[in-house]
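Below, each chain spelled out in residue letters.
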Amino acid sequence: MQRLILAVNAGSSSIKFQAFAADHASLERRVAGQLDGIGSQPRLVIKTGAGDILKEQSFATGEIASVEAAEELIGIWLLGADGARAVGGPLDAVGHRVVHGGPEFAGPAAIDDGVLARITALTHLAPLHQPKNLAPIHAWRRRQPNLPQVACFDTAFHRGHGELADRFAIPDALYREGVRRYGFHGLSYEFIAQRLRDVAPEIADGRVIVAHLGNGCSLCAVKNGRSIDSTMSFTALDGIPMGTRPGAIDPGIVLYLLREKGMDAAAIERFLYHECGLKGLSGISNDVRVLEASADPMARLALDHFVYRIAKEMGALAAVLGGIDALVFTAGIGENGAALRREIVAAGAWLGLGLDDAANQARALDISGKGASARCLVIPTDEERMIARHTYATLWP
Ligand code: ADP
């Protein structure tokens, strides 16, 4: 039976949403929207499933100052005449991206009072992100208390990691209270792992490194369609550098900031989440496009460091996988950054990677060079589609 499902992906400064008509075998996108620049330059764009613009609006900074305000605006539109017409009827369910499922949630969960309390109790593991994911859940409960909702966790795809990959070398008591290498971007990686079965079935059960390079960046080692390790760990700060986060740093730097710079926890948190990465290192921008266009040597250094660190972590994940059959690029930089893809593949030549330059420029699905022993693919991610799939399967198995 066909159901209308809303998938909500609420981040720190944007909300993405898509509505689908779903049944057991298929998902048809009816609406795709995004409100980004929350708290800075809010901008709403809503399109039909075919990509035609339904609504486009910019706001003054103070008009949409929070994720809650953005959510409210989207909720009102969806429940209004335009929204209902575009979706094709009243919603049957809402699915949400929830960044942290802790040690307990290894898959999606239908939200009731108990599940909501357990998700809320995990907020201390993701204090910046979990509240943003909870806001739309509360809003839909308030609007339509009987509408089924499902939480889809970014950590869930990684919960099958072996214990060796799941541990830090710290006392067991901390592991038991939840200090583990969780990994994030799980909905994106799961989508890619499933998509490989359609577009490249011959490697879907192989050894694949997936590079999710967007505002947040991480790499995932996927073997037989399952995550076995990832560069992000306890928080979304670990691993490779990102737009404004440094990736892995010596923990001694945090002690240095505390002792020598007199920074407190809040100042260090702001520093690590917002002032490092490509932006901090270049001193120019977190946006790869801006850095590529800049003549400033620090812009080049930041991009070179980004590639260097990704190449180094690819080596680590290749070791864990015992070699690789393919590298998959996804998310904003991975899907659009042809120049960085070329550099990353060149740095991974020793793994058997090689590039077809024309295919890379054209952003083809398969950009592998002739004679390369490991394949190289570009696959657009779709976290909302993954959320909708989980929501349907959870509620109507
Ligand atoms: P999010 O993690 O918020 O979903 P995206 O996956 O949309 O982010 O990635 C956003 C990033 O993608 C931008 O910060 C920008 O650096 C990068 N990006 C977008 N278009 C291009 C492009 N043509 N070339 C290189 N990088 C790009």
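Residues numbered from 1 in each chain as written. Predicted model: local features only at pLDDT ≥ 70, side-chain atom pairs only at ≥ 80, totals over all residues. Heavy atoms only, no water.

## Some thoughts on the overall build of the chain
Looking only at helices and strands, one finds 17 helices and 13 strands in the chain. Taking 21 Å as the expected radius of gyration for a compact globule of 397 residues, we find that the chain reaches 21 Å, a close match to that expectation. If you line up the chain on its principal axes, its C-alpha atoms span 55 × 55 × 45 Å. Counting only residues that meet the buried cut, the chain has 52% of its 397 residues in that class. When contacts within the chain are restricted to residue pairs at least 6 apart in sequence, those whose partners lie at least 24 apart make up 61%. For the chain, the accessible area works out to roughly 17,200 Å², and carbon and sulfur atoms hold 53% of it. Taking the average location of the 40 positive side-chain charges in the chain and that of its 44 negative ones, the two points are 1 Å from each other. (Helix = DSSP H or I, 4+ residues; strand = E, 2+ residues; numbered from the N terminus. Rg over C-alpha atoms; globule rule 2.2 N^0.38 Å. Buried < 20%, exposed > 50% of the residue type's maximum accessible area, 1.4 Å probe, protein only. Contact = heavy atoms within 4.5 Å. Areas by Shrake-Rupley, 256 points an atom, 1.4 Å probe, with all protein chains shown as cover. Lys, Arg positive; Asp, Glu negative; His and termini not counted. Charge placed at Lys NZ, Arg CZ, Asp CG, Glu CD.)

## Observations regarding helix H9 (residues 251-260)
Where H9 begins, one side-chain oxygen reaches toward the backbone nitrogen of Gly252, 2.7 Å away; that side chain belongs to Asp250. Taken from the residues just after H9, Gly262 is the one with a positive phi, measuring 65°. (Polar contact = N/O pair within 3.5 Å; in protein donor to acceptor, adjacent residues only side chain to side chain.)

## Observations concerning the domain arrangement of the chain
What the domain assignment lists for the chain is domain 1 (3-153) and domain 2 (201-378). Its C-alpha centre places domain 1 at a distance of 28 Å from the equivalent point of domain 2. (Domains from an automatic or database assignment.)

## Observations concerning the environment of Ala295
Structurally, the position occupied by Ala295 is in the loop between helix H12 (288-293) and helix H13 (297-321). The spatial distance from the C-alpha of Ala295 to the C-alpha of Ile228 is 40 Å, given a sequence separation of 67 residues.

## Focus on the side chain of Ser188
Among the secondary structure elements, Ser188 is positioned in helix H7 (residues 186-199). Overall, Ser188 belongs to the buried group, its relative accessible area being 0%. Here the side chain of Ser188 touches Thr381 through a polar contact of 2.8 Å, side chain to side chain. When sequence neighbours within four positions are dropped, the list of residues in contact with Ser188 reads His212, Thr330, Thr381 and Glu383.

## Description of the sheet that holds strand S10 (residues 217-223)
The five strands are arranged S11-S10-S9-S12-S13 in an open sheet whose pairing can be described as mixed. Looking at the sheet topology across the chains shown, the edges are occupied by strand S11 (226-230) and strand S13 (375-378). Strand-to-strand, the axes of this sheet are offset by a mean angle of 25°, without reference to chain direction. In the packing of H7 onto the sheet, contacts are made with strand S9 (207-213), S10, S11, strand S12 (326-330) and S13, and the angle to S9 comes to roughly 135°. Against the sheet, H13 engages S9, S10, S11 and S12, with an angle of about 20° to S10. (Pairing = 2+ DSSP bridges. Axes fitted to C-alpha atoms, helices over the stretch in contact; angles between N-to-C directions.)

## Digging into the side chain of Asp154
With respect to the helices, strands and loops of the structure, Asp154 is situated in the loop between strand S8 (149-153) and helix H5 (163-166). In this structure Asp154 comes out as buried when scored by relative accessible area, which is 1%. There is a polar contact of 3.3 Å between the side chain of Asp154 and the backbone nitrogen of Leu187. The contacts of Asp154, once residues within four sequence positions are left out, are Arg97, Val98, Val99, Gly183, Phe184, His185, Gly186 and Leu187.

## Considering H7
The first and last C-alpha atoms of H7 sit 20 Å apart over 14 residues, in line with the 20 Å expected at 1.5 Å per residue. For H7, the full list of buried residues reads Gly186, Leu187, Ser188, Tyr189, Glu190, Phe191, Ile192, Ala193 and Leu196. (Expected span 1.5 Å × (residues − 1).)

## Side note on the site of the ligand
In the neighbourhood of the ligand, the contacting residues comprise Lys16, Gly214, Asn215, Gly216, Asp287, Val288, Arg289, Ala331, Gly332, Ile333, Asn336 and Gly337. Arg289 has a polar side-chain atom sitting 3.5 Å from a nitrogen atom of the ligand. Taking 580 Å² as the accessible area of the ligand by itself, protein coverage stands at 74%. Looking at the shell around the ligand, the elements that each hand over two or more residues are H12 and helix H14 (331-336). For the shell around the ligand, the element with the most residues is H14, which contributes four residues. (Near = heavy atom within 4 Å.)

## Comments concerning the sheet that holds strand S6 (residues 93-98)
Within the open sheet, the eight strands sit side by side as S5-S4-S3-S2-S1-S6-S8-S7. Their pairing is mixed. The open sheet has two edge strands, strand S5 (53-58) and strand S7 (109-110), and neither has a second partner. Judged from the four bridges that link them, strand S1 (residues 3-10) and S6 form a sheet pairing that is parallel. Counterpart to Leu6 in the pairing with S6 is Val94.

## Overview of unusual backbone geometry
Even without being glycine, His185 reaches a positive phi, approximately 60°. Relative to the helices and strands, His185 is located in the loop between helix H6 (172-176) and H7. For His185, a relative accessible area of 8% gives the class buried. In this model, Asn224 sits at a positive phi of 55°, which is unusual for a non-glycine residue. Note that Asn224 resides in the loop between S10 and S11.

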